[in-house]
Every structure is written in C-alpha cells, then in structure tokens.
Amino acid sequence: MSDIKVNTVKTDAITDKTGTSALTIDSTGRVTTPARPVFIATMHGADQTGITGGPSTPTTMIFTDTSSPHGINTGNHYNTSTGIFTAPVAGVYFFAFSVLLNSVDNSDDQIHISMVRGFAGGSPADQLHFFSRTNGETANGTYGYSGYLPWNGSIIFNMAVNDTVKMAVGSNGNIGVYNDRSQNRFQGFLVG
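Everything numeric here is computed off the predicted structure, so don't read it as measured data.

*Asks:* Can you walk me through the sheet that holds strand β1 (residues 13–15) in this structure?
*Replies:* Paired through backbone hydrogen bonds, the strands of a sheet run either parallel or antiparallel to each other. A sheet is described by the order of its strands in space; here 3 strands give the open sequence β1-β2-β3, paired in antiparallel fashion. Every other strand in the sheet has two partners, leaving β1 and β3 (31–32) as the edge strands with one partner each. Examined bridge by bridge, β1 and strand β2 (residues 21–25) share 3 bridges and lie antiparallel to one another. Looking at the pairing, A13 lines up with T24 of β2.

This is how it looks when you write it as structure tokens:
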C-alpha cells in the first residue's frame, strides 16, 4: 500500500467499512463521534438496601436505568444487571459518580465508597476509596442530614480492552442507597 498525500480533505462524514458513521462534521466544523462509548446510569425503582461489609468485601452499586431522558448507554458497554462498565477499546476514560446513602445510623462506622477498576489480564483490581467515614454520627448530627449521606467524585483511567470499572460501597453497619435519579448516577465516556 502506498501513502496518499493531500493538502485538504473535504468530507461530511467518516464511516467504517460497514457504513457506520464514526465521525461527522457539520457545516460549521463541529465534530461528533456518535459511536464513542458513553454511559449515564441512574437508580430507579427500589432503594438498594442491606449494604454491609467493609473495604475488603464491598457491595457493588448497581445503577439500573440507562433509558432516555435520564441516561444513555452508547454501545451497551455498561451492564445494568451487574453494574459493571467494560472498556470496548483501549484509551483514556473519564468516570464520575454521585450517591446519596440512607439509613446511616450513628453507629455505622467504616463507610467506604469506592470506584473499582478490574484488569482484563487478571491482575489485582485497583480499589480507589473516594470516601471513607469512620464515624456515622457525622451523617446525623454534624451536618444535620438525618441519616442521609451524600458524596460524589470523578477520575480518569488509562484502560486496556476489557478492563472494567464499577462502584462499590461497604459499611460495618446496614446502610442503603436512596432511590432517586437526581441523587444517584454513575457515568463515563471514552476521552480518546
């Protein structure tokens, strides 16, 4: 195969060999990539309850709804049954979350919210603690949330094909995740 050298390329779209649009350029020069992996998952239905276990045995938070207008799941790489996103291509990915824990008692210590990255090659997972609370009283007294505890965070990962990411929470008590689309979401996308 020989190289093709040009000074200017004029096109409205770039497609793969099956005709699927990979990149579109509108008349003002704005570029969209409609096949880019992206998801926004929210919690809808019943509260997730009975969350126990400390940092070594956290419970996976399952955000079950990716339907429009509250969510999206381009490419279906986020699994609403398992709560796990699987990277379809290698690259840099951005992830963010917001959660509202409920049923937090003064005695619920060792509360941990984590983003857990799994490696496709079987290497041990990275568990990043975004939030560790060793004193449940703060949820009820200091901030006046009456048993509710909000938290959010974001991170960028360099991922290989089939690496995974999920949210997890653990506590030595028996806490829950409040069911509210506006309070609980997990989202991510391929940056490039």
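*Asks:* What's the story with the pattern of salt bridges in this structure? I'm lost.
*Replies:* It is possible for side chains of opposite charge to pair when their charged atoms get near one another. Taken as a whole, this structure holds 2 salt bridges when the rule is applied. Across the pair R117 and D163 runs a salt bridge, and its minimum N-O distance is 3.3 Å. Note that R117 is positioned in strand β11 (residues 111–118) and D163 in the loop between β13 (149–159) and β14 (164–177), a separation of 46 residues in sequence. In this structure, R117 and D163 share a single accessibility class: buried.

*Asks:* Which parts of the structure should I look at to understand the confidence of the model for the chain?
*Replies:* Atom-level detail of predicted coordinates should not be read off regions where pLDDT is low. Taken as a whole, the chain shows an average pLDDT of 81; of its residues, 81% reach a score of 70 or greater. Helix α1 (residues 137–142) is the least confidently modelled element of the chain, averaging 56 in pLDDT, while strand β8 (residues 78–79) averages 98, the highest of any element.

About the thresholds
Residues numbered from 1 in each chain as written. Predicted model: local features only at pLDDT ≥ 70, side-chain atom pairs only at ≥ 80, totals over all residues. Heavy atoms only, no water. Pairing = 2+ DSSP bridges. Helix = DSSP H or I, 4+ residues; strand = E, 2+ residues; numbered from the N terminus. Salt bridge = Lys/Arg side-chain N within 4 Å of Asp/Glu carboxyl O. Buried < 20%, exposed > 50% of the residue type's maximum accessible area, 1.4 Å probe, protein only. pLDDT = per-residue confidence, 0-100.

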